[in-house]
Amino acid sequence: MDDASFARALVKDLRMKDLLFVQKIADARSLSAAAGEFGLTQPAASRWLRDLEQLFAGHLFTRDRVAGMTPTPVGELVVERGRALVADVASLSSEIRAHRAGRGGRLQLGVIPYVSTHLLERLVSTLVGEHAMTVSVIEGATAPLLEGLRMQHLHAVIGRCAARPAPSGLRQEMLFTQSACLLVHAKSGIREQRAKLSNHPRMRWVVPPLDSPTWQAIVAVYGNAKMAPPTPAVETASTKAVHALVAANVDMVAVLPLDIGRDLEQLGGVRVVAFSSAFKMPPVGLIAQARQWNFSNVAALRNVLRSLAVKQQRAE
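All of these numbers come straight from a predicted model, not from anything done at the bench.

Asks: Teacher, can you tell me more about the side chain of Thr 239 here?
Replies: Examined against the element boundaries, Thr 239 turns out to sit in helix 9 (residues 239–248). The contact partners of Thr 239, leaving out residues within four places of it in the chain, are Pro 113, Tyr 114, Ile 260 and Leu 264.

Asks: Would you explain the pattern of salt bridges in this entry?
Replies: Pairing is possible between side chains of opposite charge, provided their charged atoms come close. For the structure shown, the criterion picks out seven salt bridges. The salt bridge involving Arg 150 is made with Glu 147; its shortest N-O contact spans 2.8 Å. You can see Arg 150 and its partner Glu 147 sitting in helix 7 (residues 142–150), three residues apart, about one turn around the helix. Accessibility expressed as a relative area gives 46% for Arg 150, which makes it partly exposed. A relative accessible area of 37% means that Glu 147 is categorised as partly exposed.

Asks: How should unusual backbone geometry be read in this particular structure?
Replies: Backbone geometry places Ala 57, a non-glycine residue, at a positive phi of 55°. In this structure, Ala 57 sits in the loop between helix 4 (42–55) and strand 1 (61–64). Classification of Ala 57 as exposed rests on a relative accessible area of 66%. The backbone of Lys 226 sits at a positive phi, close to 55°, despite the residue not being glycine. Examined against the element boundaries, Lys 226 turns out to sit in the loop between helix 8 (213–224) and strand 10 (232–235).

Asks: Before we go on, may I ask you to explain the side chain of Gln 289 in this structure?
Replies: Tracing the backbone shows Gln 289 in strand 13 (residues 284–289). From its side chain, Gln 289 meets the backbone oxygen of Leu 149 in a polar contact 2.9 Å long. Beyond its immediate stretch of four places on either side in the chain, Gln 289 contacts Leu 149, Arg 150, Gln 152, His 155, Gly 169 and Leu 170.

Asks: Even after reading the chapter, I still don't get the sheet that holds strand 6 (residues 170–176), so can you show me in this structure?
Replies: Paired through backbone hydrogen bonds, the strands of a sheet run either parallel or antiparallel to each other. An order of 4-3-5-13-6 is seen for the five strands of this open sheet, with the pairing classed as mixed. Each edge of the open sheet is held by one strand with a lone partner, namely strand 4 (134–139) and strand 6. The sheet shows a mean angle of 25° between the axes of neighbouring strands, direction not considered. The pairing of strand 3 (residues 106–111) with strand 5 (residues 156–160) spans three bridges and is classified as parallel. In the sheet register, Val 111 faces strand 5, and the bridge partner there is Ile 158.

Asks: What is the right way to look at the packing of helix 2 (residues 16–28) against helix 4 in this model?
Replies: Geometry of a packed helix pair, given as the angle between the helix axes and the separation of the axes. Their axes nearest at 11 Å, the elements helix 2 and helix 4 cross at an angle of 110°. In terms of their interaxial angle, helix 2 and helix 4 are classed as roughly perpendicular. For the pair helix 2 and helix 4, the crossing hand works out as left-handed. Residues Lys 17, Asp 18, Phe 21, Val 22 and Ile 25 of helix 2 form the contact with helix 4, whose participating residues are Ala 45, Trp 48, Leu 49 and Leu 52.

Asks: Looking at this model, I keep getting lost on helix 4. Mind explaining?
Replies: An α-helical turn contains 3.6 residues, so a residue and the one three or four places further along point in the same direction. In this model helix 4 runs 20 Å from its N-terminal to its C-terminal C-alpha over 14 residues, within 8% of the 20 Å that 1.5 Å per residue would give. Taken together, the buried positions of helix 4 are Ala 44, Ala 45, Trp 48, Leu 49, Leu 52, Glu 53 and Leu 55. Just downstream of helix 4, Ala 57 is the residue with a positive phi angle, here 55°.

Asks: How should I be thinking about the packing of aromatic side chains in this particular structure?
Replies: How two aromatic rings sit relative to each other is set out by the distance from centre to centre and by the angle between their planes. If you walk through the whole model with that rule in mind, you get three aromatic pairs. Between Phe 21 and Trp 48 the ring centres are 4.0 Å apart and the planes differ by 5°, which places this aromatic pair in the stacked class. Separated by 27 residues along the polypeptide, Phe 21 in helix 2 and Trp 48 in helix 4 bring together distant segments of the chain. The pair formed by Phe 21 and Trp 48 is uniform in burial state, with each residue classed as buried. With a centroid separation of 5.4 Å and an interplanar angle of 85°, the aromatic rings of Phe 38 and Trp 48 are classed as edge-to-face. Of this pair, Phe 38 sits in the loop between helix 3 (31–37) and helix 4 while Trp 48 is found in helix 4, placing the two residues ten residues apart along the sequence. Under the relative-accessibility criterion, Phe 38 is labelled partly exposed at 29%. According to the relative accessible area criterion, Trp 48 is buried, its value standing at 12%. Among the aromatic residues, ring-to-ring pairing joins Phe 21, Phe 38 and Trp 48 into one connected group.

Cut-offs used in this document
Residues numbered from 1 in each chain as written. Predicted model: local features only at pLDDT ≥ 70, side-chain atom pairs only at ≥ 80, totals over all residues. Heavy atoms only, no water. Helix = DSSP H or I, 4+ residues; strand = E, 2+ residues; numbered from the N terminus. Contact = heavy atoms within 4.5 Å. Salt bridge = Lys/Arg side-chain N within 4 Å of Asp/Glu carboxyl O. Buried < 20%, exposed > 50% of the residue type's maximum accessible area, 1.4 Å probe, protein only. Polar contact = N/O pair within 3.5 Å; in protein donor to acceptor, adjacent residues only side chain to side chain. Pairing = 2+ DSSP bridges. Axes fitted to C-alpha atoms, helices over the stretch in contact; angles between N-to-C directions. Parallel < 35°, antiparallel > 145°, perpendicular 65-115°, else oblique. Left-handed = near helix turned anticlockwise from the far one by under 90°. Expected span 1.5 Å × (residues − 1). Phe/Tyr/Trp six-rings, centres within 6.5 Å; stacked < 30°, edge-to-face > 60°.

The following block contains the structure:
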């Protein structure tokens, strides 16, 4: 069968529930689990899978008593593209319902904790008010948010942009950078107005997760200064945890973006000490599926973010 005939056969015979069926097998590593999900007997599920393998002209899974049903390279392609297609249909359904209700669509947005509450408030207020969108905000570290994006659970992520190109299938746009600061207890012995780069060996450090771009940037800054980086006592991506720990322990110190430090300073019990030399965090940007970059909900988010980012950089 030539490429054109193969494509016509897929367009004609492939159904959305076929893709959901293959996804369920891959996620559960079990044909019987997929059969139960779809209310089928085991023989009926086996026939369905055989029909799909005939349609795709190749095996979709290998079978192993220990590993279960493992996708073949062709199966992985079907599962990955299937997730994208199912997500697009779900997005289309959401947009149609929103249009009928006079709303501007739905946005599932992932946000790292190190985005200031002021920017987030203005962003969501603009999207909900001026664009009549329904917005769901999920907070987390960049890596798990990108996984959620890859799995089609999110439409976009506001996270740390890597210096290297975006992962395959994703697109990123840098929005703004953040200066770093120390967050110390209100009665901390660190009294200088401008902190020098030091690992403060007598202090216990609260740091971002060690696999995060932010921690890697911190290590690089200390390395360039030919100094050992701080020894972590606590790793967390939660600004709530950072504030609680530093406010409760006079010997604890955290390094985080200056605008976030100022937000936490307003809560009391802590104070910000800016660095005496330029110390920039990795840039924050918008990350989304490349093929969804110009979808209406992502485009609206991108335009609002660009405007707010310009205002934030001017304020700094």
